[in-house]
Amino acid sequence: MGVNVGRKLKDAGKQWVIEDAKKKGVYWPTERMKEKAYFSDEKIYAEASKDTRGFWAKHARESIGWFGEWDADKVVELEPPYFNWFVGNKTNLSYNCIDRHLEENRNKAALIWVPEPVDEAKQVLTYMDLYREVNKCANVLKGLGVKKGSPVTIWMPMIPETAIVALACQRIGAWHSIVYTAFAPHAVRERMEDAESKILITVDGFYRRGKRIELKRRIDEAQVLEKVGAENCVVVRRLNSEVEMKEGRDFYYDELMNGVEAYCDPEIITSDDYGFLLYTSGTTGKPKGVMHSCGAYSVGVALTMKLVFDLHPDDLFWSTADIGWITGHSYALYGPLLVGATSLWYEGAPDYPDAARWWELIEKYGVTIFYTAPTAIRALRAAGDKWVEGRDFSSLRLLASVGEPIDPDTWKWFFEKIGERRCALIDTYWQTETGGIILSSLPGIGPFVPGVAGPALPGVHCDILDETGEAVKPGESGYLVVKTPFAPSMLRGMYKKPEKYVEEYWSEYGTEIYFAGDGGIKTGMEIGGQPLIKITGRIDDVMEVAGHRIGTAEIEDAVSDLDEVVEVAVVGKPDAIKGEVPALFVVLKSGVEVPKAQMDREIVKAVREKVGPVATPEVAYYVADVPKTESGKIIRRFLKGLVRDEALGDMTTAQNPECLKELAEITKYRGPQKIQGYNA
Ligand code: WTA
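Conventions and cut-offs
Within any chain, residue numbers begin from 1 and follow the written order of that chain's sequence. The predicted origin of the model limits local features to residues at a pLDDT of at least 70 and limits the giving and counting of side-chain atom pairs to 80 or more, whereas totals for whole chains, interfaces and linings rest on all residues. Side-chain figures throughout are based on the complete set of non-hydrogen atoms in the structure, without hydrogens or water. Salt bridge, as applied in this entry: a Lys or Arg side-chain nitrogen positioned within 4 Å of an Asp or Glu carboxyl oxygen. Where helices and strands are cited, they refer to DSSP runs of H or I of at least four residues and of E of at least two residues respectively, numbered from the N terminus. Here, a strand pair is defined by DSSP locating no fewer than two bridges between the strands. To get an axis, a line is fitted to the C-alpha atoms, and for a helix only the part in contact is used. The angle between two axes follows their N-to-C directions and goes from 0 to 180 degrees. Should any heavy atoms of two residues lie within 4.5 Å, those residues are counted as being in contact. Being near a molecule or strand, for a residue, comes down to having at least one heavy atom within 4 Å of it. Under the rule applied, a polar contact is a pair of N or O atoms within 3.5 Å (in protein, one hydrogen donor and one hydrogen acceptor; residues adjacent in sequence only if both atoms are side-chain atoms). Per-residue and other accessible areas were derived by the Shrake-Rupley procedure at a 1.4 Å probe size, with only the shown protein chains allowed to occlude residues. Residues are grouped as follows: Ala, Val, Leu, Ile, Met, Phe, Trp, Tyr, Cys and Pro are nonpolar; Asp, Glu, Lys and Arg are charged; every other residue, Gly included, is polar. Think of it in three bands: residues with accessible area under 20% of the maximum for their type are buried, residues over 50% are exposed, and the middle band is partly exposed, with areas taken using a 1.4 Å probe on protein chains only. An angle below 35 degrees is read as roughly parallel, one above 145 as roughly antiparallel, one from 65 to 115 as roughly perpendicular, and any other as oblique. Whether a crossing is left-handed or right-handed is set by the direction in which the near helix is turned from the far one by less than a right angle, anticlockwise for left-handed and clockwise for right-handed.

Student: With reference to specific residues and values, describe the pattern of salt bridges.
Tutor: The tally for this structure, following the rule as stated, stands at 54 salt bridges. For R132, the salt bridge is made with E133, and the minimal N-O distance between the two is 3.5 Å. K610 serves as the salt-bridge partner of D561, at 3.2 Å between the closest nitrogen and oxygen. Taken together, the residues span a long stretch of sequence, with D561 in the loop between α18 (552-560) and β30 (565-575) and K610 in helix α19 (residues 596-610) at a distance of 49 residues. Each of K288, E433, K500, E503, E504 and R549 takes part in a single network of salt bridges with overlapping partners.

Following this line, the structure appears as structure tokens:
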């Protein structure tokens, strides 16, 4: 296998990306890669464009099992901004992930789980193991009163029980809402309250970077269960630590599973009924509950496993993403199981006990497809090449990246040191809202261009529009959109907030064009008639901190609750490893005499308690004022310009332009005011 360097591009002319690509190299799949790939003919783009509905209908039939048929003329029913796919047909996600594979693959490994402590053995769950455990767990949930459509909140790390519980929810049609373990108990509470969830499934704790992270104890300390009026809490024993269990409300998972019936009928769910909720950050302080469908979501995710990851039965697929994010949902759990593959799960940190851990796992288990985030690659690269040198990466054949644009430097290091110039490296763009990948080059077709995500997938109509809604010309930048008929895996609504759903995604260009919130450049390169797109990043108040999506408003809400604080504005400051880190501009009440170190500590504590360690701010500027519009809205654009050392542009829109002088001086001459009081 190998990658060809430098085949001539069919370039459309003047665009800088081509120049850039020429300098840095454009990569194409080799003959062997094409031979192995399911998709190696670029005609697939034209075919899918010509008959998009036919394309999806064909793949919906091939990708998953259905309990019926959809009306031939109802592959998709559009009622913008709502849409339904495979109308009227029925399915079940746990059936598709497990039962469907039993006949041929019951003894195949579904999940290989590697605990963080190096002296603990790995665990393998075959499809049969998973079947048994999921069925039992589904009966346990039923026993606790969970029904079709019940929201079930899950605060769990990367351990096998998390997969079992999520699939058990799918089996009975309950909607899981999984919360990232590096969020705070307060974040669990907010999500339980919003979903009106009466049950929490969690663990006593787990290992992270050698530390014992005790989740149930933290839930109890914050009195989350009392405050939300939870009826039940199920606790998985991972650490066997001492936890408080309230009689009649809290139960140990293993005790509930003991002796429960081993079969549970899968609930028959229409394609467009909901499969799960996943809360994500938007432009307000409150996270929003993105609603995903069941059948249509599975079709999108299953197809991308073959189309984008070219996943074959003998592959070992490793997505390093945590289950608390959409990448964990779609590509650590559902995607690999939908296609009957083996998925590797690792409990802990990439650099525990040292920066060789991930590379050792690839070598030891023979990972063939490795999917991770640029921030992790940058951090491991910064740890030094000595951790990768001399390792056997010969099992790998495909590398993939997600979460933020992968800069050409990181791309090259990843490609050369890990992929050994043999493996294709694809940059996959998507969001919680799109459910699955919507933009990426395909491994058997290419091209692979450092810094450029690629074309929209076959069957997905993306474009880059200018402010007036016109498609931009090659070489120009604008906003990324998805056009009708949208993609089957895309969100179906925002839980209990239909007006927010319309406002966030369907207002910019009307209800027939999905507005992604990212900027992009239509490069002059094309493949199969599709422009290659370079994603430039969020254009709203959402940050990507170490690949984790955090709303600036969530941090602002946490900090402005402090007594000393009058006002706070948060922007993303560029960071060499994490991509962005939260930078705070804090206005204190006049007369507050707290020393900076103490104020820093209070701020960090507030953010860690309300949002979680993942959002810990790194830089704070204490200022007299922040720039605002006439209507009092903070002009973050100025603050972003300041922390990025960019031109500030027109300042006449600020009602208090005098504060900009102070801000410019603080950021320029005093340098970033590194937060004190946090050293994790
Ligand atoms: C960003 C993660 C550039 C983007 C799957 C998007 C990317 C947000 C890429 C969604 C990529 C994701 N290149 N940017 N390949 N992939 N993003 O919802 O800003 O956690 O809007 O989903 O991540 O983050 P989310």
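Student: Please set out the sheet that holds strand β8 (residues 151-155) residue by residue, giving values where relevant.
Tutor: Spatial strand order, β14-β13-β10-β8-β9-β16-β17-β25: eight strands in an open sheet with mixed pairing. Looking at the sheet topology across the chains shown, the edges are occupied by β14 (250-252) and β25 (493-494). The pairing of strand β17 (residues 288-293) with β25 spans two bridges and is antiparallel. Counted as the bridge partner of M291 is G493 from β25.

Student: Tell me what's going on with the sheet that holds strand β6 (residues 109-114), and back it up with residues and numbers.
Tutor: Taken in spatial order, the seven strands of this open sheet run β7-β6-β19-β18-β20-β21-β22, and their pairing is mixed. Of all the strands in the sheet, just β7 (123-126) and β22 (424-427) have a single pairing partner and so form its edges. The average undirected angle you get between the axes of adjacent strands in this sheet is 20°. Inspection of the sheet shows β6 paired to strand β19 (residues 342-346) by four bridges, in the parallel sense. In the sheet register, I112 faces β19, and the bridge partner there is L344. Taken strand by strand, helix α16 (residues 408-418) contacts β20 (369-372), β21 (398-401) and β22, and its axis lies near 155° from that of β21.

Student: Break down the site of the ligand for me, with residues and values.
Tutor: The local shell around the ligand holds 17 residues, among which D427, T428, T432, D518 and R549 are the closest. For the ligand, a nitrogen atom lies 2.7 Å from a polar atom in the side chain of D427. Here the ligand, which alone exposes 520 Å², has 97% of that area covered by the protein. Of all the elements in the fold, those that place two or more residues in the shell around the ligand are α13 (326-338) and β27 (530-538). Residues that form the shell around the ligand fall into these classes: six nonpolar, five polar and six charged.

Student: Kindly report on the pairing of strand β16 (residues 274-280), identifying the contributing residues and their values.
Tutor: With respect to burial, β16 is a largely interior element, six of its seven residues being buried. Across two bridges, strand β9 (residues 175-178) lies against β16 in parallel orientation. Residue pairing in the sheet places S177 in a bridge with L277 of β16. By the bridge criterion, six bridges tie β16 to β17 in an arrangement that is antiparallel. Considered in β17, the bridge of F276 is made with H292.

Student: Just give me the short version of the pairing of strand β28 (residues 542-545), but keep the residues and values in it.
Tutor: Side chains V542 and E544 of β28 all project onto a buried face; the interleaved residues M543 and V545 project onto the opposite face, where all are buried too. Pairing analysis gives four bridges linking β28 to strand β29 (residues 548-551), with the strands arranged antiparallel. From the neighbouring strand, V542 faces β29, where its bridge partner is G551. What sits between β28 and β29 in their antiparallel hairpin is a turn of two residues, with A546 showing a positive phi close to 50°.

Student: Just give me the short version of the packing of helix α5 (residues 93-105) against helix α6 (residues 127-143), but keep the residues and values in it.
Tutor: Packed helices, taken two at a time, are described by their axes: the angle between them and the distance between them. Where α5 meets α6, the closest approach of the two axes is 9 Å, and the angle between their N-to-C directions is 140°. Taken together, the axes of α5 and α6 are oblique relative to one another. The crossing of α5 and α6 is left-handed. Within the contact between the two elements, α5 uses C97, I98, D99, H101, L102 and N105 and α6 uses Y127, M128, L130, Y131 and V134. Of the residues belonging to the contact of α5 with α6, the class tally is eight nonpolar, two polar and one charged.

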